[in-house]
Amino acid sequence: MTDSIDSAIVKKEYPRRIMTFMRRSSAYTASQQKGIDDYGTYYLLETEARQFDQQQVFGRHAPLTVEIGFGMGFSLVEMALAAPERDFIGIEIHPNGLAQICYEAGERQLKNLRIIDGDALLMLEHYFTDASIDTVQLYFADPWPKKKHHKRRFVQLHHMQLIRQKLKLGGVFHAATDWEHYALWMLDILEASEGYTNMMGKGQFSPRPDYRPLTKFEMRGQNLGHGVWDVLFHKTA
Ligand SMILES: C[S@@+](CC[C@H](N)C(=O)[O-])C[C@H]1O[C@@H](n2cnc3c(N)ncnc32)[C@H](O)[C@@H]1O
């Protein structure tokens, strides 16, 4: 455990229903309105009263990546375009982001991407079957910098066990952050999480894998000398 991390906070089991996000929305832009009107029915998955069936949704069984909190979705669309041999599902609660990704994907006629409107924790728990996901990715998640809000960070011991349950054996959890304290926190939590192994070796961050697009936000940060940390763990038990 690094000195900078409050181990009491990391170790404590928080109740499930603490929100990892703040609800916010604004009026749709013209492209977001078009995204919902023209492409929403195709891309938004119906998650009530059913479980995810890859054959039914994508018409095939391909390696499956699930992204938690894709924001506006630009990098997820880029990834889906670059890897037509994989299927992608993005989960987000921000209405403008959901509408924007529908627009971006629809205009490109992307077939290997679908999205879910909802809390990723609930969706992972109820919609996805166990051992069904190849990769779970969490890019630039809200860092919740104040100590009293650390319990709202997505990466927590019990959330990692939920993700482990949904990953296939050998499946990957990949997170990236530009917030150093959260980066160290993630490393600590994941090293302490049963069933995971650091793909880079104990205590090591990963260089950015080629398949993770460099976002404008990240490039701007890099130009200002900010760091970015990637953590890559796989499910080994
Ligand atoms: C800081 S933004 C980063 C967005 C994007 N990944 C990026 O790199 O630009 C974090 C996003 O995660 C979403 N989010 C946080 N917790 C979530 C949850 N439990 N389920 C779904 N989305 C969540 C928020 O709504 C927000 O859009």
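Residues numbered from 1 in each chain as written. Predicted model: local features only at pLDDT ≥ 70, side-chain atom pairs only at ≥ 80, totals over all residues. Heavy atoms only, no water.

If a residue is not glycine, its phi is most likely negative; likewise, a peptide bond is most likely trans. A positive phi is found at Ala49, a non-glycine position, where the angle reads about 60°. Note that Ala49 resides in the loop between helix H2 (30-43) and helix H3 (54-58). Given the relative accessible area of 86%, Ala49 is considered exposed. A positive phi is found at Ala131, a non-glycine position, where the angle reads about 50°. Its location among the elements puts Ala131 in the loop between helix H6 (120-126) and strand S4 (133-139). Accessibility expressed as a relative area gives 43% for Ala131, which makes it partly exposed. (Helix = DSSP H or I, 4+ residues; strand = E, 2+ residues; numbered from the N terminus. Buried < 20%, exposed > 50% of the residue type's maximum accessible area, 1.4 Å probe, protein only.)

The sites that carry the UniProt feature "binding site: substrate" (unreviewed entry) are, in the present numbering, Lys146, Asp178, Thr215, Lys216, Phe217 and Glu218. Judged by maximum C-alpha separation, these annotated positions cover 73 residues in sequence and are scattered in space, the widest gap reaching 25.7 Å. Structurally, the position occupied by Lys216 is in helix H9 (residues 216-223). Look at Lys216 and you get exposed, because its relative accessible area is 72%. (UniProt positions renumbered as here; feature names shortened; annotations may be inferred.)

It is worth spelling out the UniProt feature "binding site: S-adenosyl-L-methionine" (unreviewed entry) in the protein at this point. Residues given the UniProt feature "binding site: S-adenosyl-L-methionine" (unreviewed entry) here are Glu67, Glu92, Asp119 and Asp142. A maximum C-alpha distance of 14.1 Å is found for the annotated residues, which run over 76 residues; spatially they form one tight group. With respect to the helices and strands, the residue Asp119 is situated in the loop between strand S3 (113-117) and H6. Asp119 gets classed as buried once you look at its relative accessible area, which sits at 8%. Leaving out residues up to four positions away in the same chain, Asp119 has contacts with Arg17, Met19, Phe21, Ile91 and Ile93. A polar contact is formed between the side chain of Asp119 and the backbone nitrogen of Leu121, at a distance of 2.9 Å. Considering the arrangement of structural elements, one finds Asp142 in the loop between S4 and helix H7 (157-166). (Contact = heavy atoms within 4.5 Å. Polar contact = N/O pair within 3.5 Å; in protein donor to acceptor, adjacent residues only side chain to side chain.)

One open sheet accounts for seven strands, arranged S3-S2-S1-S4-S5-S7-S6; its pairing is mixed. Every other strand in the sheet has two partners, leaving S3 and strand S6 (196-198) as the edge strands with one partner each. Neighbour-to-neighbour, the strand axes of this sheet turn through a mean angle of 20°, independent of strand direction. The pairing of strand S2 (residues 87-92) with S3 spans five bridges and is classified as parallel. Paired with Gly90 across the bridge in S3 is Ile115. (Pairing = 2+ DSSP bridges. Axes fitted to C-alpha atoms, helices over the stretch in contact; angles between N-to-C directions.)

Glancing now at the side chain of His159. Mapped onto the elements, His159 comes out in helix H7. For His159, a relative accessible area of 3% puts it in the buried group. Here Phe154 takes part through its backbone oxygen, which lies 2.6 Å from a polar atom of the side chain of His159. When neighbours within four sequence positions are excluded, His159 is seen to be in contact with Thr20, Leu121, Arg153 and Phe154.

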